[in-house]
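Next come the chains, spelled out residue by residue.
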Amino acid sequence: MTTRRTTLGGHTHEFGSLTELMARATPHRSGDVLAGCAASSEAERVAAQLALAEVPLATFLEEQVVGYDEDDVTRLILDTHDAAAFAPVSGLTVGAFREWLLDRAAAGDEVAISGLARGLTPEMVAAVSKLMRNADLVAVARRARVVTGLRSTIGLPGRLASRLQPNHPTDDAVGVTASILDGLLHGSGDAVIGINPATDSPAQTIALLQLVDEVIARYEIPTQSCVLAHVTTTLRALEQGAPVDLVFQSVAGTQGGNEGFGVTLDLLAEAVGATRELGRGVVGRNVSYFETGQGSALSAGAHLGVGGLPVDQQTLECRAYAVARHFDPLLVNTVVGFIGPEYLYDGKQVVRAGLEDHLCGKLLGLPMGVDVCYTNHTDVDGDDTDTLTLLLGAAGCSFVIAVPGSDDVMLHYQSLSFQDVLTARQVLGLRPAPEFEAWLTRMDLLGDDGRVRELTPDAPAARALLAAAR
Amino acid sequence: MSVPADVPMGDDPWSVLRGATRARVALGRAGDGLPTARWLEFRAAHAAARDAVHTALDAGLLRRAMAGAGVDRELLEVHSAAPDRATYLQRPDLGRRLADGTELPAGECDLAVVVGDGLSPRAVHDHAAGLVAALLERLAGWSVGPLVLAHQARVALGDPVGEALGARIVVVVIGERPGLSSADSLGIYLTHGPRTGRADSERNCISNVRPPHGLGYAQAADTLAALLTASRELGASGVVLKDEGVALPPGAG
């Protein structure tokens, strides 16, 4: 391990390893305090950032945060590193890389920024993000282009898609359908109609998959369905011939974290391969969907790296993106305010984490979305989620999650409402995915001004859709 | 595609949606936002949940409620190692440990009952006395230690408390994380052989005690008494107890 030193204000700060340096350089958040790896003062944090700025990017290919021999995520990261893609920035330090990104972003050079993706490691993007302010996180993400597709296209410039999340406490078919229709009538659902099942069983998963598949088929909606069951449950559903558009799984940034989720890389590969074979895509072949979130490794006690030192939660989050990236997903989102105040305490921490996660995912080549959300024991409210949503819209976020009236009555937390998505699109001049936008027009749900109509009960489009709720 | 007119004109189709789920569907719009009444309804629900989290546990109020419910027992007060609410929320590890210098009377008993504020002191204020009274009525023949009221408590704080009191089983009655529609829900956790370091898989849980909307006191106490008896016979709790097939009433969670 290399010890790095910085002198700041006459005081010399020492950082005994890259793991420690990364942690101390991270903007303050409760999860790193809980893990015992946060900077002990603001001065120490800045000293760490100064030292981190001097670290060559190439160092991250030599010096590990989580060991190669004991962790399959590290092996995946290093074994799939693309040296040619890395070449344009291979001689830069982390600090110079920040400037390189800001320079290319200001020039609108999406090709240069997006072309790096397979040459960057999670630790490199985590490091550079730690030196950035919120506006930097927005400006660079805006020019990191990632486009994916299955039956709709995600990630095009000027678009903001949404996952319609029609969860119900008992998976009741009528209740789920009502929430789906409410979302469609508000122009949501272009990223996916994705249900968290109340019961994770093959039978329930198949029933929900069939329900959404029928709604999609009946109205010829250019979108995809997903039931966010465990990957082993989805595999069982696949064996029984269920209409699976997307394999879902929560993933973490360490082998131990993934074991905590009950998954291995091989298991994910098997499920993604089986789903791709179904050939259900129209505009693309991306058939997986992953969720992540800062703090998941710590909550599983799987957050330790080289030398048994705790790794900061944002670096571990970026490592989860390497897992997702390996499977060419249609969608990836961080669930940024769900895990609780012991990981992200307040609106300031949640906003920052959402912007970091979005940028880092995009730099690594992921179709990154965000579940802008909060629980009631976190110091976050609708003002904070508005702030994050509008910043994410400005940052070119691929999609957000939306539930009826912001209230997820199954998972008991608050995400965005369908109206919040409309507001973000209107304020920022963003539009739905193009195939879905054309469908909204066909259904007479979109006005000539490009806005989703405010429907009166006797509007033909409303009646057509509501007929399904009967 | 053609537009079928399956819904008779004149019906309010929004009411069809509203009647189908308790999700907040068909709220209407004001421009692209929510109508004022719908927005303020949501604010009110969130405010109730926030207040439930941040209300301080009132020991005097609980003593009076216990007396009113006919619970005539010594009530001890302890604090976790989390000194305040902000620390409690950010450091769950501190909420699982007793404050330095905490002294409890060593003894021996079949059962210790710990009432902890958890994430909803309001749930404790509203429901703990009724639940504890209903439980004690069902425990003839059990030696029950003093009641312990725990401030800034997580579930696992019951382990060092139960251990110090020499209890064979500890029951922790604790405020659950408030949802938008349930700010006053109590959870009950049973742990056999309490000692620091017990895993969550070694506990049994009954959640959503909050009459009249959730589980009632009598129903919850029946379930808990059955679990206690089974745990005492088995000499264990948690996954193994559940696997023994103790029948829980519907909704007991």
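Residues numbered from 1 in each chain as written. Chains lettered and ligands numbered in written order. Predicted model: local features only at pLDDT ≥ 70, side-chain atom pairs only at ≥ 80, totals over all residues. Heavy atoms only, no water.

To continue, consider the UniProt feature "binding site: adenosylcob(III)alamin" (unreviewed entry) in chain B. Residues and elements named next belong to chain B. Under the UniProt annotation, "binding site: adenosylcob(III)alamin" (unreviewed entry) lies at V155, E176 and C205. Taken together, the annotated residues stretch across 51 residues yet fold into one region, lying no more than 11.6 Å apart by C-alpha. Dropping the residues within four chain positions of it, V155 is found in contact with V172, I174, Y189 and R203. Structurally, C205 can be placed in strand β6 (residues 203-209). On the basis of relative accessibility, which here comes to 26%, the residue C205 falls in the partly exposed class. (UniProt positions renumbered as here; feature names shortened; annotations may be inferred. Contact = heavy atoms within 4.5 Å. Helix = DSSP H or I, 4+ residues; strand = E, 2+ residues; numbered from the N terminus. Buried < 20%, exposed > 50% of the residue type's maximum accessible area, 1.4 Å probe, protein only.)

With that out of the way, let us pick up the UniProt feature "binding site: adenosylcob(III)alamin" (unreviewed entry) in chain A. Residue and element names in this part refer to chain A. According to UniProt, the feature "binding site: adenosylcob(III)alamin" (unreviewed entry) maps to P197, Q249, S299 and M410 in the numbering used here. On the secondary structure map, P197 appears in the loop between β6 (192-195) and α12 (202-218). Not counting the four nearest positions on each side in its chain, P197 is found in contact with D171, L208, V227, L228, A229 and M410. Following the sequence through the fold, Q249 ends up in strand β8 (residues 247-250). Excluding residues that lie within four positions of it along the chain, Q249 makes contacts with H230, V231, F261, V263, L268, Y289, F290 and E291. Reaching out from Q249, the side chain makes a polar contact with the backbone nitrogen of V231 at a distance of 2.9 Å. (Polar contact = N/O pair within 3.5 Å; in protein donor to acceptor, adjacent residues only side chain to side chain.)

All names here are of chain A. On inspection of all chains with the given rule, the structure shows 7 aromatic pairs over all chains. When the ring of F290 is compared with that of F327, the centres are 5.9 Å apart and the planes differ by 40°; the resulting orientation is tilted. With F290 in strand β9 (residues 288-292) and F327 in the loop between α17 (313-325) and β10 (331-335), the pair connects residues that are 37 residues apart, well separated along the chain. Residue class for F290 comes out buried when judged on its relative accessible area of 0%. With a relative accessible area of 5%, F327 lands in the buried category. Look at F436 and W439: their rings are 5.4 Å apart centre to centre, the planes differ by 40°, and that puts the pair in the tilted class. Here W439 and F436 lie together in helix α21 (residues 434-442), a separation of 3 residues that amounts to about one turn. By the burial criterion, F436 is buried, and W439 matches it. Chaining the aromatic ring pairs together yields one cluster made of F248, Y289 and F399. (Phe/Tyr/Trp six-rings, centres within 6.5 Å; stacked < 30°, edge-to-face > 60°.)

All right, on to the pattern of salt bridges then. Enumeration over the complete set of coordinates arrives at 41 salt bridges over all chains. The partner of R24(B) in a salt bridge is D407(A), with the nearest N and O atoms 2.8 Å apart. With R24(B) in the loop between α1 (13-18) and α2 (36-54) and D407(A) in strand β13 (residues 407-408), this pair bridges two chains. We note that R24(B), like D407(A), is buried. Note that D110(B) is salt-bridged to R168(B), the shortest N-O span being 2.9 Å. One end of the pair, D110(B), is in strand β2 (residues 109-116); the other, R168(B), is in strand β4 (residues 167-175), with 58 residues separating them in the sequence. Overall, the relative accessible area of 12% leaves D110(B) in the buried class. Counted as one network, the salt bridges with shared partners bring together R151(A), D213(A), D245(A) and R280(A). (Salt bridge = Lys/Arg side-chain N within 4 Å of Asp/Glu carboxyl O.)

With that settled, the discussion passes to the nonpolar core. If you look at the biggest cluster of nonpolar residues, it comprises 154 residues, and the most contacted ones within it are L52(A), L184(A) and Y289(A). Not counting chain neighbours up to four residues away, the residues in contact with L184(A) comprise L164(A), I193(A), V215(A), I221(A), F436(A), W439(A), L440(A), L445(A) and L465(A). In this structure, L57(B), L147(B), L149(B) and L228(B) belong to the second largest nonpolar core, which totals 38 residues. (Core = buried A, V, L, I, M, F, W, Y, C linked by side-chain atoms within 4.5 Å.)

Let us now look at helix α3 (residues 42-53) of chain A. Residues and elements named next belong to chain A. Its 12 residues give α3 an end-to-end C-alpha distance of 17 Å, which sits within 8% of 16 Å, the value for a rise of 1.5 Å per residue. Within α3, the full set of buried residues consists of E44, R45, A47, A48, Q49, A51, L52 and A53. Next to the buried residues of α3 lie β1 (4-8), β2 (11-15), α1 (18-24), α4 (59-62), α7 (94-106) and α9 (122-130). (Expected span 1.5 Å × (residues − 1).)

What follows concerns the sheet that holds β9(A). Residue and element names in this part refer to chain A. A sheet is described by the order of its strands in space; here 8 strands give the open sequence β7-β6-β5-β12-β11-β10-β9-β8, paired in parallel fashion. The open sheet is flanked by β7 (225-227) and β8, the only strands paired with a single partner. Ignoring which end each strand starts from, the neighbouring axes of this sheet average 25° apart. Bridge count for β9 against β10 is 4 bridges, and the pairing is parallel. Bridging across to β10, F290 finds its partner in V332. Together, β8 and β9 form the strand contacts of helix α15 (residues 265-277), whose direction differs from that of β8 by roughly 160°. The strands touched by α17 are β9, β10 and β11 (368-371); relative to β9, the strand with the most contacts, the crossing angle is about 170°. (Pairing = 2+ DSSP bridges. Axes fitted to C-alpha atoms, helices over the stretch in contact; angles between N-to-C directions.)

To continue, consider the pairing of β11(A). All names here are of chain A. By the alternation rule, side chains of β11 split into M368 and V370 and G369 and D371, which are all buried. Inspection of the sheet shows β10 paired to β11 by 4 bridges, in the parallel sense. Across the sheet, residue V335 finds its bridge partner in β11, namely D371. In this fold, β10 hands off to helix α18 (residues 347-363), which returns the chain to β11; that crossover is right-handed. Pairing of β11 with strand β12 (residues 399-402), which is carried by 2 bridges, proceeds in the parallel orientation. The residue bridging V370 from the neighbouring strand is V400, located in β12. Taking the sense of rotation as the criterion, the β-α-β connection linking β11, helix α19 (residues 382-394) and β12 turns out right-handed. (Right-handed = clockwise from strand over helix to strand, strands pointing away.)

With 44 residues of chain B at the contact, the number on the chain A side is 53 residues. For the pair chain B and chain A, the summed buried surface comes to about 4,400 Å²; carbon and sulfur atoms form 60% of the total. On inspection of chain B and its partner chain A, the count reaches 3 salt bridges. Among the ionic pairs, R50(B) bridges to D379(A), the shortest N-O distance being 3.1 Å. The interface formed by chain B and chain A includes 13 residue pairs in polar contact (both at pLDDT 80 or more). Contributions of two or more residues to the side of chain B that touches chain A are made by α1, α2, α4 (85-90) and α5 (92-95) of chain B. Top element by residues in the side of chain B that touches chain A is α2(B). It accounts for 5 residues. The residue makeup of the side of chain B that touches chain A, split by class, is 25 nonpolar, 8 polar and 11 charged. (Buried area = accessible area lost by both parts, 1.4 Å probe. Nonpolar A, V, L, I, M, F, W, Y, C, P; charged D, E, K, R; others polar.)

Further remarks concern the packing of helix α3 (residues 59-68) of chain B against helix α6 (residues 121-137) of chain B. Residue and element names in this part refer to chain B. At a minimum axis separation of 9 Å, α3 and α6 run at an interaxial angle of 35°. As α3 runs across α6, the sense of the crossing is right-handed. Touching L61, L62, A65 and M66 of α3 are V124, H125, A128, A129 and V132, all from α6. Within the contact of α3 with α6, the residues separate by chemical class into 8 nonpolar, 1 polar and no charged. (Left-handed = near helix turned anticlockwise from the far one by under 90°.)

Right, let's get into unusual backbone geometry. Note that the residue after P211(B), namely P212(B), is joined by a cis bond; omega there is 5°. Along the chain, P212(B) falls in the loop between β6 and α8 (217-234). Positioned with a positive phi, E220(A) is a non-glycine residue whose angle comes to about 50°. Along the polypeptide, E220(A) turns up in the loop between α12 and β7. The residue D328(A) is not glycine, and still its phi comes out positive at about 45°. The topology assignment puts D328(A) in the loop between α17 and β10. The exposure class assigned to D328(A) is partly exposed, which follows from its relative accessible area of 37%.

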